[in-house]
Structure formats: C-alpha cells, structure tokens
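Listed below, chain by chain, are the residues.
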Amino acid sequence: MKFTLKIWRQKNADDKGGMVAYKVDEVSPDSSFFEMLDQLNQQLIGKGEDPVAFDHDCREGICGTCSLYINGRPHGPLRGTTTCQLHMRVFRDGQTIYVEPWRCGAFPVVKDLIVDRSALDKIIQAGGYISINSGGVPDANTIPIPRQKADAAFDAAACIGCGACVAACPNASAMLFVGAKVSHLALLPQGRIEAERRVQQMVIAMDRLGFGFCSNTYACQAECPKEIKIANIARLNREFLAAKLAAEKEKDIGFTL
Amino acid sequence: MIRLKANAPGVPLADQWDAYKSGCKLVSPNNKGKLDIIVVGTGLAGASAAATLGQLGYNVKSFCYQDTPRRAHSIAAQGGINAAKNYQNDGDNIFRLFYDTIKGGDYRSRESNVYRLASISPEIIDLCVAQGVPFAREYGGLLANRSFGGAQVSRTFYARGQTGQQLLIGAYSAMSRQIEAGTVKLYNRRDVLDIVVVDGKARGIIARNLVTGEIERYSAHAVVLATGGYGNVFYLSTNAMGSNVSPAWSAYKKGALFANPCFTQIHPTCIPVHGEFQSKLTLMSESLRNDGRIWVPREKADAELLRQKKLRPEQIHESKRDYYLERRYPAFGNLVPRDVASRAAKERCDEGYGVSSSGLAVYLDFSNAIERLGRDTISARYGNLFQMYQRIVDDNPYRTPMMIYPAVHYTMGGLWVDYELMTTVPGLYSIGECNFSDHGANRLGASALMQGLADGYFILPYTISGYLSHEINTPPIPTTLPEFHHAAREVTDRLARLKGTKGKESVDHFHRKLGRIMWEYCGMSRNEAGLTRAIGLIGELKEEFASGVRIPGGLREYNPELEKAWRVGDFIELGNLMVRDALHRKESCGGHFREEYQTADHEALRNDEEFTYVAAWEHKENAVPEMHREELHFETVKLMQRSYK
C-alpha cells in the first residue's frame, strides 16, 4: 500500500511547528500504524533527515504511551483501539493521512508528535489512591465484594492514562480520566473510607492544572480506547456534590474531617 | 577471587525469613530521612520498592525512561499472580508453591530465595486488595482463582486479562501518594547510563535527560536496579520497545556479576511473525491454554494445503489432527510449562507440520470449549484477548482456531544477588526480573508479578535497612566527587563517539541482525557448532556497528535514535555473554535446550553432577569474562527428572 502522510513537525516546545508532507510506499496491510511510521523513519534516516518523534512503548494497547490525532481523531478511526493496535488495512490504498499531536493547554508539545502528559500524574498524586502502607492489612477475603461492583470498579480501572479523552474534548476536560479513577475507588469498600476527601482533592488538582469543564459532548466516551463510560463522569459529579454537602453539614455541627 | 555466598540464615528453610527479620539491623525513623536511595525503573518491583521505601521515610529518587511510571512494561502482564492462599481448598500451601517453582525452574534456583517468595505470596494479595486492585471475584463476593500453566492447583489471582495493569496501577498509586508526601521524587524520561561506584560502594548514577539531552548526576547511599529483563536482545520479543539491559549492563561493567544470562524464556502462545517490518511480538495469555487445545495436522500434505490457504483448519477432520501436547504429556496436556510447550511447537514446525504462510505456527483451538461451555463463557474469560487477536490478525478466533508460535518473553538470568538481593557491588541492589534469583532455568506462569511485588513491597525494604544502618553517619554524597566526573565523562564520550560514527545504516538494521543471530543460535534450541558460530558473528556485528551506524539529530535534544543506539551497543555485548554462557552449560535445563543433551524422547536432559550451580560472570576489561560458581545445595527438594507425562 502507498500513503501520503501530513505530519506535524516541531523541533521543541519553543518551536512554532507545522505540517510536512511525506510519501511512504510498499506498506504491508498487516503493518501496524507505528510500523508504517517506522518505515517512514528508516527512509528519513537513510536520507540523513531527522526522523519523526512519536511516543510508543508496549505496542500492544495497554501502556497508554501512544497518542496522536489521526485524520483528526484521537487514536484514529477505530472504536476502542489505541494507535499502536491500529493496522494499515483499515486505510485505503493511496489515502492521505493527517497525523498530529494531542492539542491541549495542559499537554505542551515536547517534540513533533510527543506531548507532556505529566498533568495526569499530578491529578493522581492529589488523591488517586487508597492511603495505606505496605503491610498490616487484613486478609484479602475479609471483605467480600459483590461481583457486579468489582466488575464495575474494574471497568473504570481499565483506564490507560493516554489522554485521548482530553484530546477529544472541545473543552480539554479531564473529567473522564478523573471520573474513572474516582469511580474505581469509590465503588470498592476499601476506597469508600476516604472517598469524600479524594474526590475533592482530585477535582481541585484538575482545575488548577488547566483542564476544562465537562459540557456533555460525549466525545471522550466515543474516543476512549478502553471504552470507559461517561457514567463515570456522572458518578464523579455525584461523589463531588455529596462530598461538598457532607462538608457543609460537618461545618454546621462544628466538626470537620 | 570472588566467593559467591547467598548468606541465607543457617536455620531450617521454613524459618529463614523470620530469623532474618528478627536479626536484621534497622534504621531509626529520625535517620531514615537522611538517607537517599535511588530506584531505577518503575515496574512492579521498582514502583512497589519506591512506594514502600518512601512510606518508611527514606529519601527516594525514582527514575524511569517512560513519560510516567505507570507505563512500565509490567503493565502488559496478562494472566495473573500466584499466591499460596489455598482459597480453593485444593491442596495448595506454601511448600507446594515453593516446590512447584523449584521444579518448574528445573532445579537451577536457590531454595532459600524461592521459599521466601512462596511464603510472602499471600501477603501480596492482601495488600493489593487493600489498595483497591479489582481482582476477579465469585458471585459470593470472594476472590476467584484459576489454574495456570504448569500448576495442578488453582492459585492464580487475576483481573481479567489485565492483571499486570491493575497491579501496576496499585503500585503506581502507592508511589504517587509518596510523591505527594514528598518522600519520593520522580525523574521521568531519563535513561540511566552508568552506575557510580565510590570506594567500592554504589553511590549514584549518571542519567541522560531524554528531553534535553543533558547528562545529569544523582547520588544516594544505595542504588536499586529494577530495570526488568533483556528479552529485546532478540529484537523481536513481547517486551516493550524501550525495554533494555543498559542499567544492568553498566552495573556488570562496574563489577556486579551477571548470572545465568542464557536462561531465557520463550513463551509458547504468541501471535506469529507477519513480515519484515514487524517491530514486536504480541503475547496471547497462557490462560488460553486452560480451554484451548493445541494441534497441527497429522498429515504433512494437509499442512502444505493450509499454508497455501487452499484448506481451512475447520475442514480438517478430528482424526486428522495431532493434539501433540495431549499425546506427549497426558498428565498435563495443554498445560505443560512454557519451555516444554514451546519446544514441542518448534519440533512440530521443524518436522514440516507447521501452518500459516511461514510454516511457523500451530493452532490453538477453542471449538471444543465453545461447544462445551458456550460462547458467552469463553467470551467472558478471554473476550479481550480474542478481540486483540482479531485486531492484529484480522481473523475471528470464535470461528477459526488461533495461530500461535513461541516468542521471547522473559529472562530468568540477570544480575547475581544474594539473599538480601544485593549484587556483588556493596550498596547496589537488583530486584524483579532484573535479578536472576527465583526462577532458575524456567519461570512458571503468573510468578513474575509475584516476584516483582515480593521483592519491592516486602523483601528489599527489610534487607536494605541492614546495609543502610551502617550509613547513618554518611552525609549526602556530593556529585562533585571525581568518580562522578569520571563516569559522566565516559558517558559523554561514548555518546559523542556514537553520534560521530559516519555510517550508513540505521540502529534498527543492527538490532535486527543481532536478533536474527540470537534467535537462530541461542533461541529455543542450541548446539555447540551454532553457538561457536554465533560468537564470531556477534564479534563481526560489533565491529560493523562501531563503524557503520548512522544517528541523525543532535546530542543535546530529544533523540530516540541515539537512545536506541546506546541500548543496542549494550545488547550486542550482552549477546556475546549469553552465547558464552549457553556454550559452557553442557546440559539442557528449562529454557536452555542443548540439542546434544536430550533424552531418547527428546526431553531436556540435565547434568546435575556437573551443572548444579549458578554461573555468574565477571566483566574483564579487554579480556574474556570470568565465570564464578555459586553451587546450589538442595536440602529440602530432591532433584528429579522433570516429567509432565
């Protein structure tokens, strides 16, 4: 197969950057999108040019390192698929493909197609955990958890932290990412104990880091490679509201957490 | 002369870890904050160690090459994590897990370390559940288990096909909490290129900031390497693209011994290679073997038609299929350990029964299981794996059998460590896949996650305190010491040399070439002639690489080709050591199969008389490496021919 690629090139964070056109041919339809980019890079290296920098690591759809808008869509055209699991058979022979980095104020470009997503780490650091130490915990079967609850927690915990939800959102909101983590932990009895504190701290961090608000476009759900549901945003809102109300009540009776 | 001693306490096996903990020196809380520890790598071992050491109050500096710790390749582990909980009441206990691990490792691991691992395993599950890891559960609300390759009990805990991901997120979250608390400082997008040794002790590292290209120095009172395995020496493997041996290799060059480098695990169920530009191999969890049946056609003529796509596998009649694992190993059938399953697949393909256009694939068939259990049950168990397969291969495994072939997956060899997980360099520790300690010549399924977390959460935090208790009066190590200058200069010079090479070929060209040599001569089966040839070929490749590589871009900027070049340079040297190790070990054991040493029915034939030892290699500047032995003493387990028949 043959393709024309229009790829965003940007030397570093300070560079203005722009789209550059490349041609690549003799691509196997069984190649992954990154194997096609590898092929292009081999070509560029052969000519002594700087290869295109892109983030990738596991290449099996689980580490969340990969990103990219492909023809304007985060992780390309397939539902529930990361860029690394996208294969060239999905495209038409001769097609022009536009490849760009995530566009979001909280994710500055590092080089070419690579962005800095450490803002997502900072949200987790603000409270995306259960505050226990390694040791002194009860036997794992002490607290039975209904299977449906455990499954729902798993569905939320499947987030790979790639940032596609932010990239898809017209407001660059991280609500799906935050909602998934809040849900994962709030659904489990172990995570309930500090649920109120957690949701407030994570939301504060999210706002402070410059992510936008949610206006229910559902784009995040449509583009999430792990198909995480927007219901998690609803749960995030409920948890947040409940935490705020509880905090008010505690203020009334002169008791704060 | 280096004398290798594990230094496990001299009490009965079952009491050793308790005895150790009772006797080991501790560091008081007010002193912990004065001690710096560097942890390299943020997979299960590294993240769990960083989190726990931070909780204890040490000053932790954590390094990873990825943009965030949560991406480390432990995340890709699918199947599960073993623990001797005996929740299923099916006869499991600590001794049995210990015994299975020793036997599965073909009696080439250390009893004391393995027993400790088995005895810690239940605690790991408790901790992970408390962290919020959503393991699979039964309708009654209790944890579910499954059996896993090579075990006759159900002791594997799992979170769908994403157990590694969920465990890593647990460890990453615990570590994030410490970052917030200020006890762990994260340095992401850093490649660790050298270990700094001062007065015989590990005191720091030299790192390259991958974004700016800056060469940075970091110091500490102890250094922990949790940098994973070296499977990418084969170019194609199930490892992440960035997985590399470089930090461990620099430790080797600074005096840490490298043990059993030839012990590599070839995983039996991976998606077969499709073409020249293939960049990596994808694993299909071993759990598939619980319900899938492996077969090839009984007739070579059928295999030929299948290869030419003139016949579909569904059209081959039951009587014309050879379920070769069930035939050869009636007791374990499709659940034989990985090394046995992989070799059996290779044997059939070498004999001309392989399918797929390359002839290098066998079938993994779910039609019986779907008939018996229904499509919904199979989908609930393996849905995500089937989907992944379909995405990559463009074929529907509910209808057509999957095609699979073995691929490099895990490396049992690694830095030699003692009972305290310390290498032969004082103050330098190695945990997780990076060390050699627990899996002998073959690792059992679902044991890697167990080891990584045992080392990081529960073992290292104790053992490192013994060492650090002697360091409480050592002030922070200045990075202006001559040793740091020297190491930084060596790194800078090597980078400049690489960049200055006026060659024509890309780094990948050499990496691919190395991979082909290793796979051909030091892969699933090995022999003296091939290994001898490989030494010559690797030597030639090293020279070609030194003069023939071309690296675009600059030194002081984001430059992935430069990163790769550094790693491949180390892989080439490691390849040489692996081949030497494979050549010297004149026996077959676990993943190391020497064709000259096999039983009449083609099973691995150990030579316990001569080879019941760990081969630990010492780097020699401009000379061949020297081998040291740690004799393995089996006091509890009796050595036997491993049989799964």
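These figures come from a predicted structure and were not determined experimentally.

## Some words on the overall build of chain B
Of the regular secondary structure elements, chain B holds 18 helices and 19 strands. For 645 residues, the compact-globule formula gives about 26 Å, and the C-alpha radius of gyration of chain B, at 24 Å, lands near that figure. A buried classification covers 60% of the 645 residues belonging to chain B. Here the contacts in chain B between residues at least 6 apart in sequence split such that 75% fall between residues at least 24 apart.

## Concerning the domain arrangement of chain B
All names here are of chain B. Taken domain by domain, chain B holds domain 1 (32–263 + 412–468), domain 2 (267–408) and domain 3 (489–608). Taken together, the contacts link 31 residues of domain 1 with 33 residues of domain 3. Partitioning the side of domain 1 that touches domain 3 into residue classes produces 18 nonpolar, nine polar and four charged.

## Brief notes about the sheet that holds strand β4 (residues 73–74) of chain A
Residues and elements named next belong to chain A. Pairing in this open sheet of five strands is mixed, and the strands run β2-β1-β5-β3-β4 from one edge to the other. Every other strand in the sheet has two partners, leaving β2 (18–24) and β4 as the edge strands with one partner each. Summarising the sheet, strand β3 (residues 69–70) and strand β5 (residues 96–100) pair through two bridges and their orientation is antiparallel. Counterpart to I70 in the pairing with β5 is V99. Contacting β1 (3–9) and β2, helix α1 (residues 33–46) crosses the sheet at an angle of about 90 degrees to β2.

## Quick word on the interface of chain B and chain A
With 64 residues of chain B at the interface, the matching set in chain A holds 64 residues. For the side of chain B that touches chain A, the elements supplying multiple residues, two or more each, are α3 (44–56), α5 (111–131), α6 (163–181), α12 (375–393) and α17 (560–584) of chain B. Here the side of chain B that touches chain A takes nine residues from α6 of chain B, the largest share from any one element. Taken together, the residues of the side of chain B that touches chain A break down into 25 nonpolar, 23 polar and 16 charged.

## Some details on α3 of chain B
Counting along an α-helix, one turn takes 3.6 residues, and residues three or four places apart therefore face a common direction. All names here are of chain B. Between its first and last C-alpha atoms α3 spans 18 Å; for 13 residues at 1.5 Å apiece the expected length is 18 Å, and the two agree. Burial within α3 is extensive, with 13 of its 13 residues counted as buried. Downstream of α3 by a residue or two, G57 has a phi angle that is positive, lying close to 110 degrees.

## Thoughts on the confidence of the model for chain B
On average, residues of chain B score 96 in pLDDT, and 100% of them are at 70 or above. Here the complex is predicted with pTM 0.97, and the ipTM for its interfaces comes to 0.97.

## Comments concerning unusual backbone geometry
Phi is positive for E26 of chain A, close to 55 degrees, though the residue is something other than glycine. Considering the arrangement of structural elements, one finds E26 of chain A in the loop between β2 and α1. Residue class for E26 of chain A comes out exposed when judged on the 9 C-beta atoms lying within 10 Å of it. The residue R189 of chain B is not glycine, and still its phi comes out positive at about 45 degrees.

## With respect to the pairing of strand β9 (residues 222–225) of chain B
Residue and element names in this part refer to chain B. Burial along β9 is two-sided: the face carrying A222 and V224 and the face carrying V223 and L225 are both buried. For strand β1 (residues 36–40) and β9, the ladder comprises four bridges, and the chain directions are parallel. Bridging from a neighbouring strand, I38 pairs with V223 of β9. Relative to strand β17 (residues 428–430), β9 is paired through three bridges, and the arrangement is parallel. Residue V224 lies in a different strand from β17, and its bridge partner there is Y429.

## Focus on the domain arrangement of chain A
Residues and elements named next belong to chain A. As assigned here, chain A comprises domain 1 (3–111) and domain 2 (118–252). Look at where the C-alpha atoms of domain 1 and domain 2 centre, and you get two points 30 Å apart. At the junction of the two partners, domain 1 supplies 19 residues and domain 2 supplies 16 residues. When the residues that make up the side of domain 1 that touches domain 2 are grouped by side-chain class, the tally is nine nonpolar, eight polar and two charged.

## What to know about the environment of P560 of chain B
Residue and element names in this part refer to chain B. With respect to the helices and strands, P560 occurs in helix α17. Classification of P560 by C-beta neighbours within 10 Å gives buried; the count is 22. Along the primary structure P560 and S176 are separated by 384 residues, whereas in three dimensions their C-alpha atoms are 27 Å apart.

## Side note on the sheet that holds strand β6 (residues 190–198) of chain B
Residue and element names in this part refer to chain B. In spatial order, the strands read β6-β7-β8; together these three strands make up an open sheet with antiparallel pairing. Both edges of this open sheet fall to β6 and β8 (215–219), since each of them pairs with a single strand only. For this sheet the average axis-to-axis angle between neighbouring strands, irrespective of direction, equals 25 degrees. Strand direction decides the pairing type here: β6 and strand β7 (residues 201–209), joined by eight bridges, are antiparallel. Directly across from V198, in β7, lies its bridge partner K201. Strands in contact with helix α14 (residues 482–500) are β6, β7 and β8; relative to β6, the strand with the most contacts, it is inclined by about 140 degrees.

## Structural notes on the nonpolar core
V224, V362 and L415 of chain B are the most contacted members of the largest nonpolar core, which has 289 residues in total. Not counting chain neighbours up to four residues away, the residues in contact with L415 of chain B comprise L225, A248, A251, A256, F258, A259, T423, S430, C434, N435 and F436 of chain B.

Thresholds applied
- Residues numbered from 1 in each chain as written.
- Chains lettered and ligands numbered in written order.
- Predicted model: local features only at pLDDT ≥ 70, side-chain atom pairs only at ≥ 80, totals over all residues.
- Helix = DSSP H or I, 4+ residues; strand = E, 2+ residues; numbered from the N terminus.
- Rg over C-alpha atoms; globule rule 2.2 N^0.38 Å.
- Buried ≥ 20, exposed ≤ 12 C-beta atoms within 10 Å, placed from the backbone.
- Contact = placed C-beta atoms within 7 Å.
- Domains from an automatic or database assignment.
- Nonpolar A, V, L, I, M, F, W, Y, C, P; charged D, E, K, R; others polar.
- Pairing = 2+ DSSP bridges.
- Axes fitted to C-alpha atoms, helices over the stretch in contact; angles between N-to-C directions.
- Expected span 1.5 Å × (residues − 1).
- pLDDT = per-residue confidence, 0-100.
- Core = buried A, V, L, I, M, F, W, Y, C linked by C-beta atoms within 7 Å.

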